[in-house]
Amino acid sequence: NGALGQVAASADKVYALLTTAAVVADKFALATTYIIRSLDDLVTDLGITAENNPGLLKAVTEFYSMAPQGTELWVRGYADTVTLTNLATLNHAGGIQSLLTEAKGRIRGIFIHRTPAAGYTPTTTEGIDADVITAAAAAQLSAAWAAETLKAPAFVIISGLYYQGTPATLPDLTTNSYNRVGVMIGDTVAGNGCAIGILAGRLASVPVQRNIGRVKDGPVITLTNAYMGSALVEASDVESVHDKGFITLRTHVGRAGYYFSDDLLATLPTDDYNHLTARRTVDKAYRIAYDACLGELLEEIPVNAQGQVSPHYAKSLETLVENAIVNSMTVNGELGNDPANQNDT
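Predicted model only: the values in this text are computed from it and were never measured.

Cut-offs applied
Residues numbered from 1 in each chain as written. Predicted model: local features only at pLDDT ≥ 70, side-chain atom pairs only at ≥ 80, totals over all residues. Heavy atoms only, no water. Helix = DSSP H or I, 4+ residues; strand = E, 2+ residues; numbered from the N terminus. Buried < 20%, exposed > 50% of the residue type's maximum accessible area, 1.4 Å probe, protein only. Contact = heavy atoms within 4.5 Å. Areas by Shrake-Rupley, 256 points an atom, 1.4 Å probe, with all protein chains shown as cover. Lys, Arg positive; Asp, Glu negative; His and termini not counted. Charge placed at Lys NZ, Arg CZ, Asp CG, Glu CD. Pairing = 2+ DSSP bridges. Axes fitted to C-alpha atoms, helices over the stretch in contact; angles between N-to-C directions. Phe/Tyr/Trp six-rings, centres within 6.5 Å; stacked < 30°, edge-to-face > 60°. Parallel < 35°, antiparallel > 145°, perpendicular 65-115°, else oblique. Left-handed = near helix turned anticlockwise from the far one by under 90°. Nonpolar A, V, L, I, M, F, W, Y, C, P; charged D, E, K, R; others polar. Polar contact = N/O pair within 3.5 Å; in protein donor to acceptor, adjacent residues only side chain to side chain. Salt bridge = Lys/Arg side-chain N within 4 Å of Asp/Glu carboxyl O. Patch = residues over 30% accessible without salt bridge, like charges linked within 9 Å, V, L, I, M, F, W, Y side chains within 5 Å.

Undergrad: Let's hear about the overall build of the protein chain: which residues, and what values?
TA: The helix and strand tally for the protein chain stands at 9 helices and 12 strands. Structurally, the protein chain occupies a C-alpha span of about 75 × 50 × 35 Å along its principal axes. Counting every position in the protein chain, which comprises 345 residues, the buried fraction comes to 49%. A fraction of 71% describes how many contacts in the protein chain between residues 6 or more apart in sequence connect residues 24 or more apart. When the accessible surface of the protein chain is summed, it comes to about 15900 Å², and 53% of that surface belongs to carbon and sulfur atoms. The centroid of the 23 positive side-chain charges in the protein chain is displaced by 3 Å from the centroid of its 35 negative side-chain charges.

Have a look at this one:
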């Protein structure tokens, strides 16, 4: 009774949104996890409105404009005094570590956003809120902990808030080694925000190997303008922002709407994991391999007269992992193979 070889439904697109928010009496508390599967869950069940939580409502509305209804999203709200760096720091109270532990490794990606308190004055000497840059460093440590300690790899995307419109002053993310962290610049309204919900929604609507900027998937914004800071995307230096390693928005001649420029991570161009496509694909293979090997933990291992592991047993483990990855990924087109060779996996 092994389900006739069927593959269980994938949790590849289970994401979390950590953002500042306001309490809604008897419905929505801070530093508390809520799992929603539609915009209606947020509005009806949690009482979130444009009046009491405009930032949270905007992010989740944009998420479900891309992701299918029924897509699982973990949501946690925090006081507006909590910074992006706080939210990205592993041992911050009620932060990433407690979330990932509570989720038991189910979460594949975390999106960090905030709507600062009135009167907040950012430090923008590097062309963006300095909180974004320190948050990226903290997020890399948190994501690495998830992979190494929980054996549940994840990536983190941070909202690039308070972009000042001058790419030359931006820090060069391609000199870092944050290969589990991305930073997005771009919004559906002019100002200091970020449409991080659209990025999360697009990722939740495509398979792990797919680039978020793929033109065949269509634009991510069609009914409104898109901005980088206070300027329209069309009037912005998108190429320079891209070259600094940020995820942002662009247009294509002959196509209506706005598309993502690429899916860059904040790491060296020579890093194998400098794109979300590679990160998500290998993380999925890692999880599959871990699950396959876990069933063999503390198993009796046959050895020969010299005390060496049986080659037959070793090969069986290798085959076990390979078959698990092939059955869960190659058959779904998430890993490439030579179409002219039916034996190539």
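Undergrad: Kindly report on the sheet that holds strand 1 (residues 15-20), identifying the contributing residues and their values.
TA: Here 6 strands make up an open sheet; going across it, the order is 2-3-1-4-5-7 and the pairing mixed. A single partner strand is all that each edge strand has here, and the edge strands are strand 2 (34-36) and strand 7 (181-184). This sheet shows a mean twist of 20 degrees between the axes of neighbouring strands, independent of strand direction. As paired elements, strand 4 (residues 109-112) and strand 5 (residues 155-159) share 4 bridges and run parallel to each other. Across the sheet, residue I112 finds its bridge partner in strand 5, namely I158.

Undergrad: With reference to specific residues and values, describe the packing of aromatic side chains.
TA: Inspection of every chain in the model, using the stated rule, returns 6 aromatic pairs. Judged by centre distance (5.7 Å) and plane angle (65 degrees), the ring pair of Y15 and F155 falls under edge-to-face. In this pair, Y15 sits in strand 1 while F155 sits in strand 5, placing the two residues 140 residues apart along the sequence. For Y15, a relative accessible area of 0% puts it in the buried group. F155 gets classed as buried once you look at its relative accessible area, which sits at 2%. Ring geometry for F63 against Y64: centres 4.8 Å apart, planes inclined by 85 degrees, an arrangement best described as edge-to-face.

Undergrad: Which residues make up the packing of helix 4 (residues 96-103) against helix 5 (residues 130-148), and what values go with them?
TA: Where helix 4 contacts helix 5, the axes come no closer than 10 Å and their chain directions differ by 25 degrees. With respect to each other, helix 4 and helix 5 are oriented roughly parallel. The handedness of the crossing between helix 4 and helix 5 is right-handed. Every residue of helix 5 that contacts helix 4 at I96, Q97, L100 and T101 is listed here: S142, W145 and A146. For the contact of helix 4 with helix 5, the class distribution of residues is 4 nonpolar, 3 polar and no charged.

Undergrad: Report on the side chain of H113, specifying residues and quantitative values.
TA: The residue H113 is located in the loop between strand 4 and helix 5 in this model. Engagement of the side chain of H113 in a polar contact is seen with the side chain of S159, the distance being 2.7 Å. Those residues in contact with H113 that sit more than four places away from it in its chain are L18, T19, T20, L84, L87, S159, L161, C194 and I196.

Undergrad: I'd like a description of the pattern of salt bridges, backed by residues and values.
TA: In the structure shown here, the tally under the stated rule is 13 salt bridges. Here K58 ties to E62 by a salt bridge, and the two come within 3.1 Å at their closest N and O atoms. Of this pair, K58 and E62 are both found in helix 2 (residues 54-66), 4 residues apart, which corresponds to roughly one turn of the helix. Accessibility expressed as a relative area gives 26% for K58, which makes it partly exposed. For the salt bridge of R106 with E72, the shortest nitrogen-to-oxygen distance reads 2.9 Å. Taken together, the residues R106 in the loop between helix 4 and strand 4 and E72 in the loop between helix 2 and strand 3 (73-78) connect sequence positions 34 residues apart. With a relative accessible area of 35%, R106 lands in the partly exposed category. One network of salt bridges, with partners in common, ties together D12, K284 and E334.

Undergrad: Now, about a negative patch on the surface: what can you tell me, with residues and values included?
TA: On the surface, a cluster of negative charge is made up of D172, D237, E239 and D243. Looking at where E239 falls in the secondary structure, it is placed in helix 7 (residues 238-243). Exposure remark for E239: the relative accessible area of 58% places this residue in the exposed category.

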